[in-house]
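Examining the three-dimensional arrangement
So the chains spell out like this:
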Amino acid sequence: MCGGAGSFAAFLERMNTSLELRDGRYHFGGLPVDDLVRMAGTPVYVYDSAIMERQVKRLKDAFADSPLRIMYACKALTNINVLRLLRSYGTGLDTVSIQEVELGLRAGFAPEEILFTPNMVAFDELKRAVELGVHVNIDSIAMLEHFGHAYGGKVPVCVRLNPHIMAGGNERISTGHIDSKFGISVHQLRHVERIVKGSGIRVNGLHMHTGSDILDAEVFLQGAEILFEVAEHFPHLEFLDLGSGFKVPYKPDDISTDIEELGTQLGARLKRFNAGRAKPVELWFEPGKFLVSESGVFLATVNLVKHTTATVFAGVDSGLNHLIRPMLYGSYHHIVNVSNPQGRPRIYTVVGYICETDTFGWDRKLEEVREGDVLAFLNAGAYGFAMASNYNSRPRPAEILVHQGRAHLIRRRETLEDQLTAQVEVTL
Ligand SMILES: *Cc1c(COP(=O)(O)O)cnc(C)c1O
């Protein structure tokens, strides 16, 4: 990408995004970005359902020959309209808190379409999930024991294993390594078997989720191989759940997980495995990022362009309170000045208004940025709004869903009143 207005559009054309330059104006999901901004103001998250649908289809197609179930890991983006939409595209739900379970039920998922995969929760929360009738995933030996005491063989469970595979974009999002708090070590398999036998627990699924941003299809295949081996010890198995961690491209040249290759190889392996079993097992995945990351952009308005001795800052009406990934994980979000497609490219460091360092992108080439311009941040569908907070007492952003050529406001911008509703004012 070296200068010239055309290269900005060329970049976008090579990304799986709904942001495009058409007739000299930026559009998202076929609608002028200006119209979307007018609808809700900024900052605002905008999602395009067409990309979510395309991603679901891509995964289904890749595993067309396998008994596949896609459980959307909803912590990535929990707006209830998005949950309903993904259900209509045929996914189930992977949840990590009882609140997500209840949200899923409220969105219309049947209990058997929901898997509860918590970590370090109180047993009460697991009991509540059982009452609600959802699948539960057990993540520790102690919890398996509690579960066996309480339910014996009455409620089937899935067991989350830690295969000790080192994978994932960085250590904060890697969950399968030796020091990880997640899952039951595969080396504790004998112990698991003892508890299962002793309490008559019916293990209907085995699960692993080794982290986020896993590039290599080989890592999934390695993980799957471990599950296939362990599976021989559990006669009541109905599914093997390989979690997620599919990497999506943040730049055109980024390599992403080769889903199609994985589908071919894993599909063949599963077929061999199932050939030897009375009852074939299903293959489950729990993608979050893969389904929704590329569907979203985050729009913010430039408040100020500030020249310092060292750099030029573009400061927007948002910050790490609304999109924390760059500061938390060092994530790259491509930034486009959607207000000035003909502007001359210059180098900017894009920052927020939070009173601590909150940089969205260092030394980015943008079409000339002026006060009032709107900047678009790509790959904002996953872990964007979901991780937003009221830090600095700022309201959280609005959300818009573009569906079949129409924009819908699916969350209004918060007000100060919203922030005060849960506070209790006392006389001291
Ligand atoms: C977060 C999470 C996922 C989704 O991970 P992505 O990288 O967003 O695909 C899947 N399964 C479990 C158990 C998770 O905690």
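Every value quoted in this text rests on a predicted model; they were computed, and no experiment measured them.

1. Some remarks on the overall build of the chain
- Broken down by element type, the chain carries 13 helices and 21 strands.
- Relative to the compact-globule value of 22 Å for 428 residues, the chain shows a C-alpha radius of gyration of 23 Å, a close match.
- Along the three orthogonal principal directions, the C-alpha set of the chain runs to about 70 × 65 × 40 Å.
- Burial status across the chain gives 56% buried among its 428 residues.
- The long-range share in the chain, meaning contacts at least 24 apart out of those at least 6 apart in sequence, stands at 68%.
- For the chain, the exposed surface amounts to about 18700 Å²; the carbon and sulfur share of it is 50%.

2. Considering the packing of helix α4 (residues 80-88) against helix α5 (residues 98-106)
- Between α4 and α5, the least distance of the axes is 9 Å, while the angle of their chain directions is 65 degrees. Here the hand of the crossing between α4 and α5 comes out right-handed. Contacts between α4 and α5 involve Ile80, Leu83 and Arg84 on the former and, on the latter, Leu103, Gly104 and Arg106.
- Partitioning the contact of α4 with α5 into residue classes produces three nonpolar, one polar and two charged.

3. Notes on the nonpolar core
- Grouped together as the largest cluster of nonpolar side chains are 99 residues, with contacts concentrated most on Tyr72, Phe147, Leu206 and Leu266.
- In terms of residues, this core owes the most to one element, helix α9 (residues 217-231), which gives eight residues.
- Lining this core are residues from two domains, each supplying at least three of them: domain 1 (5-48 + 293-420) and domain 2 (117-287).
- The residues contacting Tyr72, other than those within four sequence positions of it, are Leu77, Leu83, Leu86, Thr91, Gly92, Leu93, Asp94, Pro287, Gly288, Leu291 and Val292.

4. Examining a nonpolar patch on the surface
- Where nonpolar side chains cluster on the molecular surface, the patch consists of Val424, Val426 and Leu428 and spans about 420 Å² of accessible area.
- By relative accessible area, which is 58% here, Val426 ends up exposed.

5. Remarks on the packing of aromatic side chains
- Counted by the stated rule, this structure contains 12 aromatic pairs.
- Arranged with centres 6.2 Å apart and planes meeting at 85 degrees, the rings of Tyr45 and Phe385 form a pair that is edge-to-face. With Tyr45 in strand β4 (residues 44-48) and Phe385 in the loop between β19 (374-377) and β20 (398-403), the pair connects residues that are 340 residues apart, well separated along the chain. Both residues of the pair, Tyr45 and Phe385, count as buried.
- The interplanar angle of 55 degrees and the centroid separation of 4.8 Å between the aromatic rings of Phe360 and Phe377 together place this pair among those described as tilted. Residue Phe360 is found in strand β18 (residues 359-367), and its partner Phe377 is found in strand β19; the two are separated by 17 residues along the sequence. With respect to class, Phe360 is no different from Phe377; both count as buried.
- Following the ring pairs from residue to residue traces out a cluster consisting of Tyr45, Tyr47, Phe298, Phe360, Phe377 and Phe385.

Analysis parameters
- Residues numbered from 1 in each chain as written.
- Predicted model: local features only at pLDDT ≥ 70, side-chain atom pairs only at ≥ 80, totals over all residues.
- Heavy atoms only, no water.
- Helix = DSSP H or I, 4+ residues; strand = E, 2+ residues; numbered from the N terminus.
- Rg over C-alpha atoms; globule rule 2.2 N^0.38 Å.
- Buried < 20%, exposed > 50% of the residue type's maximum accessible area, 1.4 Å probe, protein only.
- Contact = heavy atoms within 4.5 Å.
- Areas by Shrake-Rupley, 256 points an atom, 1.4 Å probe, with all protein chains shown as cover.
- Axes fitted to C-alpha atoms, helices over the stretch in contact; angles between N-to-C directions.
- Left-handed = near helix turned anticlockwise from the far one by under 90°.
- Nonpolar A, V, L, I, M, F, W, Y, C, P; charged D, E, K, R; others polar.
- Core = buried A, V, L, I, M, F, W, Y, C linked by side-chain atoms within 4.5 Å.
- Domains from an automatic or database assignment.
- Patch = residues over 30% accessible without salt bridge, like charges linked within 9 Å, V, L, I, M, F, W, Y side chains within 5 Å.
- Salt bridge = Lys/Arg side-chain N within 4 Å of Asp/Glu carboxyl O.
- Phe/Tyr/Trp six-rings, centres within 6.5 Å; stacked < 30°, edge-to-face > 60°.

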